[in-house]
Every structure is written in C-alpha cells, then in structure tokens.
Amino acid sequence: MSPTAPAPDEIHRERLHQLAAFLRESEQILADFDAWREEHSDLDGWPLDDDEHGRRAVKRDADTWRSFNRVRSFAKDLLATAEVQVQQLNASHLQSRWPWQLGVLDDALTQLGTLQQQWLEARDALPPTARPGSFAYDDALAERNEEAWSYLDDWATHGHALLEIQSAVQELPPRSPALTSTTTHARPVAPVAAPSSMARR
C-alpha cells in the first residue's frame, strides 16, 4: 500500500519551515561577516586587508546562495499562496506593507532566476578543464553570487512577511480552503520604489 501523499496545507507549512531556516541562516551569515568587518576595519570603516575582505565577501555571498537554494525551487508557490491569503484576509488583519513586500520578493526571485540562467550558460561555455576549484569556474560562480547577493538580501529582509501572513491566516476562524491552498497562482504586485538593500552590504 502506497503512503498517503501529504496534503497541500502540510506541504505549504513544511516549505515555510524551510523559509524560516533560510531566514535564520542568512541572518547569521550576515552577522558573522559584519562582525569580522567591524573588527578588521579602520576608524573610517575601510577594511585593513582588502584581499581578505574580498574573500570573506565571496564566502558570504556563496553561503547565502547555498542557504536560499532550499527555498528557491518553491519560492514562487510561497508567493502565490501569500498573495491569495492577502486578498482574502479582512482589512483589519492586514499590514499595509505586505503587498509591497510580496512585490519586492517576486522581483528579486525573477532576478535570481535570470542570474542562475546566465550562470548555467557561462558554465557551459567554459573549457572542459574549467571545473570546480579552477580559477575560471570559481570566478564565474563568484560573479553570479555577488550579483545575486542584493536579491538574496531582499529575501532575507522581507521573507518574514510570508510567515506573518500565514500567522494572520491561522489566527482567524476557518473561512475558505483557498486561504492555504497552493493551487492558485496570482502574481504579486510589482514593487514600487523599493529601498535598496545594498545598505546592508
């Protein structure tokens, strides 16, 4: 007898757990980088060792990308579900920033998808000798991670909104299965004048 497939609600909750894990990890990754930078910078904030600072930044970018990979494959579904939830919640239970945050997350995810595709094309164009550990391979990968970091930081900064929306839904009496359904894919509102997350860099 085959095991029963998990219900959509269960899948959605598990995906939110994965998102929460990314949020915790990305916060720690950034905190570790900032702590090192503060300790190894002069009074004006300039790094004492540019090469080591660069290596630390490369590691931060790579670690953040690796952590987000647990979420990236279903991030679009998380956004679609949250958009449905926001539309069905009463105004008294809404945070005015949620639609804007969903738009920021959606735009960041689109940019990350573009960067990943560009990386795959660049990797395929490398000579056969360019394997992980070679300068050509690692340099191209580091470039993708560097360009992706601000969009990953958008998810680290605004991803909490998805958890907040889910909490708002759970605190209400049952109304409609659509509140937690992952089958409706409404596109989040596009971000307007999103503040740059480069300030955290």
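Note that this is a predicted model, so its numbers are computed, not measured.

Colleague: Describe in detail the overall build of the protein, supporting the description with residues and values.
Modeller: Looking only at helices and strands, one finds six helices and zero strands in the protein. Helices (α) and strands (β) of the protein occur, in sequence order from the N terminus, as α-α-α-α-α-α. Residues classed as buried in the protein amount to 40% of the 201 residues present. Summing over all exposed atoms, the protein offers an accessible surface of approximately 11,600 Å²; the carbon and sulfur share of this is 53%.

Colleague: So what's going on with the packing of helix H5 (residues 135-158) against helix H6 (residues 160-170)? Residues and values would help.
Modeller: Interhelical geometry of H5 versus H6 gives an angle of 30° and a closest axis separation of 5 Å. As judged from the angle between their axes, H5 and H6 are roughly parallel. On the side of H5, the interface is formed by Trp155, Ala156, Thr157 and His158, while H6 contributes His160, Ala161 and Leu162. A class-by-class count of the residues in the contact of H5 with H6 yields four nonpolar, three polar and no charged.

Colleague: Provide a residue-level description of empty space enclosed by the protein, including the pertinent values.
Modeller: The final tally for this structure, using the stated rule, is two cavities of 30 Å³ or more. Within this model, the second largest cavity holds a volume of roughly 30 Å³. Around the second largest cavity, the lining residues are His12, Leu16, Leu78, Thr81, Ala82, Gln85, Leu162 and Gln166. Those elements that provide at least two residues to the lining of the second largest cavity are helix H1 (8-39), helix H3 (75-88) and H6. If you tally residues by element for the lining of the second largest cavity, the top one is H3, at four residues. In terms of residue class, the lining of the second largest cavity is made up of four nonpolar, four polar and no charged.

Colleague: Explain the pattern of salt bridges residue by residue, including any values.
Modeller: If charged atoms from side chains of opposite charge come close, those side chains can pair. For the structure on display, the rule yields eleven salt bridges. Between Glu25 and Arg70 there is a salt bridge, with the nearest N and O atoms lying 2.4 Å from each other. Of this pair, Glu25 sits in helix H1 while Arg70 is found in helix H2 (residues 50-72), placing the two residues 45 residues apart along the sequence. Taking the relative accessible area as the measure of exposure, Arg70 reaches 29% and is therefore partly exposed. For Asp124, the salt bridge identified is with Arg123, shortest N-O distance 3.5 Å. Assessed through its relative accessible area of 58%, Asp124 is described here as exposed. Overall, the relative accessible area of 35% leaves Arg123 in the partly exposed class. A single salt-bridge network, built from bridges that share partners, covers Glu52, Arg55 and Arg56.

Colleague: Tell me about the packing of H3 against H6, and name the residues and values.
Modeller: Put simply, H3 and H6 touch, their axes get as near as 10 Å, and they point 45° apart. If you check the angle between H3 and H6, you find them oblique. Viewed along their axes, H3 and H6 form a crossing whose handedness is left-handed. Taken together, the residues of H6 that come into contact with H3 (itself represented by Leu78, Leu79, Ala82, Gln85 and Val86) are Leu162, Ile165, Gln166 and Val169. By residue class, the composition of the contact of H3 with H6 is seven nonpolar, two polar and no charged.

Colleague: Quick rundown of the nonpolar core? Include the residues and the values.
Modeller: With 31 residues, the main nonpolar core has Leu19, Phe22, Phe68, Val71, Trp155 and Leu162 as its most contacted residues. Of all elements in the fold, only H1, H2, H3, helix H4 (98-125), H5 and H6 reach the threshold of two or more residues within this core. With seven residues, the top contributor of residues to this core is H4.

Scoring rules and cut-offs
- Residues numbered from 1 in each chain as written.
- Predicted model: local features only at pLDDT ≥ 70, side-chain atom pairs only at ≥ 80, totals over all residues.
- Heavy atoms only, no water.
- Helix = DSSP H or I, 4+ residues; strand = E, 2+ residues; numbered from the N terminus.
- Buried < 20%, exposed > 50% of the residue type's maximum accessible area, 1.4 Å probe, protein only.
- Areas by Shrake-Rupley, 256 points an atom, 1.4 Å probe, with all protein chains shown as cover.
- Axes fitted to C-alpha atoms, helices over the stretch in contact; angles between N-to-C directions.
- Parallel < 35°, antiparallel > 145°, perpendicular 65-115°, else oblique.
- Contact = heavy atoms within 4.5 Å.
- Nonpolar A, V, L, I, M, F, W, Y, C, P; charged D, E, K, R; others polar.
- 1 Å grid on protein atoms, 1.4 Å probe; cavity = no way out; pocket = protein on both sides within 12 Å on 5 of 7 lines; lining within 4 Å.
- Points joined across faces, edges and corners; volume = space filled by probe spheres on them.
- Salt bridge = Lys/Arg side-chain N within 4 Å of Asp/Glu carboxyl O.
- Left-handed = near helix turned anticlockwise from the far one by under 90°.
- Core = buried A, V, L, I, M, F, W, Y, C linked by side-chain atoms within 4.5 Å.

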